[in-house]
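Structure at a glance
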Amino acid sequence: MSEKILYLEDIDPVNIYGSNNSLLNKIIGSFPKLKIIARGSEIKVIGEESLIAEFEEKFERLIEFYLKYNRLEEADIDTLFFDSAMQVHIKNGDLDEVLIFGNRGQPIKARTVNQIKLVKEFFLNDLVIVIGPAGTGKTYLAIAMAVRALRNKEVEKIILTRPAVEAGEHLGFLPGDVMEKLEPYLQPLYDALKDMITAKKLAAYIDNEIIQIAPLAYMRGRTLENAVVILDEAQNSTVNQLKMFLTRMGQSSKFIVTGDITQIDLPGKSDSGLWQAVNLLKGIDGISILEFDEHDIVRHKLVKSIVRAYDEKERQKGNQ
């Protein structure tokens with residue numbers, strides 16, 4: 001017998017349990033072989049591990065439904081728990097297709113033509129390389145797809161990594177141990193995850209190594225299996241580092257490499273492993289290479305103007 005505790009984060013339990021626990025009783029009745037005890041925001045589930053996993057998956061889908069439509073009725077529970085058509089399967093990458101719902105109930109989905117392509121290519125290929133300027137949602141969308149795959153039990157873990165390059169600061173002068181010194185480089189990955197996974201659940205995932213966040217050097221010697229693995233800021237990985245990373249791919253894994261070849265912090269542009277990989281790996285079956293541009297920028301409207309100004313400066317420099 002196994003036991004699992006689920007938590008209702010930032011949701012009034014009455015909205016899920018119903019008046020006089022009418023909805024809760026419906027939920028409990030859907031899994032007669034499990035013992036389900038609800039106290040406030042905590043739901044304890046006791047029974048066979050496989051049944052608990054199935055209940056957790058369907059309960060998360062129920063929560064997503066409530067956050068999206070701000071309603072939950074007995075008929076909805078029947079549909080969500082028994083109608084497989086309600087499960088989200090991204091096949092066509094349509095703009096209206098939601099990947100996941102964030103912690104605040106916000107739908108996370110592809111918002112531009114190239115973002116739609118990224119979603120499609122992720123399902124068609126085991127390695128996707130995405131290059132493009134800042135603010136185009138490369139990393140955020142990649143992490144959303146990884147979280148979705150984890151929630152749907154398509155993979156067992158998510159591995160997020162970045163090369164640690166000193167961009168204007170010297171690590172030796174920063175306080176703390178090695179991981180604490182590297183924390184600023186990894187923070188954007190944590191920020192994206194915190195948008196999609198509740199703090200308590202994210203902490204549990206990290207403690208149990210279901211989600212792993214580490215600098216690129218820590219990937220050496222590993223075989224990364226049954227996982228979505230994302231290398232962010234790949235333009236700052238050397239040729240040898242990127243080759244090392246790509247050859248870590250194990251069975252049932254999908255790799256996503258993101259980067260901006262206009263923001264290389266290495267001594268020379270030719271030192272970038274991403275720059276070489278984009279040219280070297282074109283045309284290989286199972287590998288997709290996408291290029292985002294300023295039209296994919298989804299940050300503040302001024303970011304497009306900033307990127308355009310810097311790109312024009314680079315073009316002028318190249319023409320001199």
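How each quantity is defined
Residues numbered from 1 in each chain as written. Predicted model: local features only at pLDDT ≥ 70, side-chain atom pairs only at ≥ 80, totals over all residues. Heavy atoms only, no water. Phe/Tyr/Trp six-rings, centres within 6.5 Å; stacked < 30°, edge-to-face > 60°. Helix = DSSP H or I, 4+ residues; strand = E, 2+ residues; numbered from the N terminus. Buried < 20%, exposed > 50% of the residue type's maximum accessible area, 1.4 Å probe, protein only. Lys NZ or Arg CZ within 6 Å of the ring centre and 35° of its normal. Pairing = 2+ DSSP bridges. 1 Å grid on protein atoms, 1.4 Å probe; cavity = no way out; pocket = protein on both sides within 12 Å on 5 of 7 lines; lining within 4 Å. Points joined across faces, edges and corners; volume = space filled by probe spheres on them. Salt bridge = Lys/Arg side-chain N within 4 Å of Asp/Glu carboxyl O.

This brings us to the packing of aromatic side chains. Here the structure, examined in full by the defined rule, presents four aromatic pairs. Look at Phe55 and Phe59: their rings are 5.6 Å apart centre to centre, the planes differ by 20°, and that puts the pair in the stacked class. With a gap of four residues between them, Phe55 and Phe59 both fall in helix 3 (residues 49-69), about one helical turn apart. Overall, Phe55 belongs to the buried group, its relative accessible area being 1%. Judged by relative accessible area, which is 4%, Phe59 ranks as buried. Arranged with centres 4.9 Å apart and planes meeting at 45°, the rings of Phe245 and Phe255 form a pair that is tilted. Here Phe245, found in helix 9 (residues 239-246), pairs with Phe255, found in strand 10 (residues 254-259); they are 10 residues apart in sequence, far enough to count as distant. You'll find Phe245 and Phe255 in the same group, each marked buried. Through successive ring pairs, a cluster of aromatic residues spans Phe31, Phe55 and Phe59. The ring of Tyr7 carries Lys200 above its face, with NZ or CZ at 4.1 Å from the centroid. Directly above the ring of Phe122 sits Lys254, whose terminal nitrogen or CZ lies 5.3 Å from the centroid.

With that settled, the discussion passes to the pairing of strand 7 (residues 157-162). Most of strand 7 sits inside the fold, with six of its six residues counted as buried. Burial along strand 7 is two-sided: Lys157, Ile159 and Thr161 and Ile158, Leu160 and Arg162, pointing in opposite directions, are all buried. Pairing of strand 7 with strand 8 (residues 211-215), which is carried by five bridges, proceeds in the parallel orientation. Directly across from Thr161, in strand 8, lies its bridge partner Ala214.

If a probe the size of a water molecule is rolled over the atoms, the empty space left behind becomes visible. Its boundaries defined by the atoms lining it, the largest pocket holds a volume of some 1,100 Å³. Residue lining of the largest pocket: 39 residues in total, with Leu6, Glu56, Glu60, Lys201 and Tyr205 positioned closest to the centre. Secondary-structure elements contributing two or more residues to the lining of the largest pocket are strand 1 (2-7), helix 3, helix 6 (138-151) and helix 8 (199-207). With nine residues, helix 3 is the single largest residue contributor to the lining of the largest pocket.

What the rule picks out here adds up to 10 salt bridges. In this structure, the salt-bridge partner of Arg162 is Asp232, at a minimum N-O distance of 2.7 Å. Taken together, the residues Arg162 in strand 7 and Asp232 in the loop between strand 9 (227-231) and helix 9 connect sequence positions 70 residues apart. The class for Arg162 is buried, based on a relative accessible area of 11%. On the basis of relative accessibility, which here comes to 4%, the residue Asp232 falls in the buried class.

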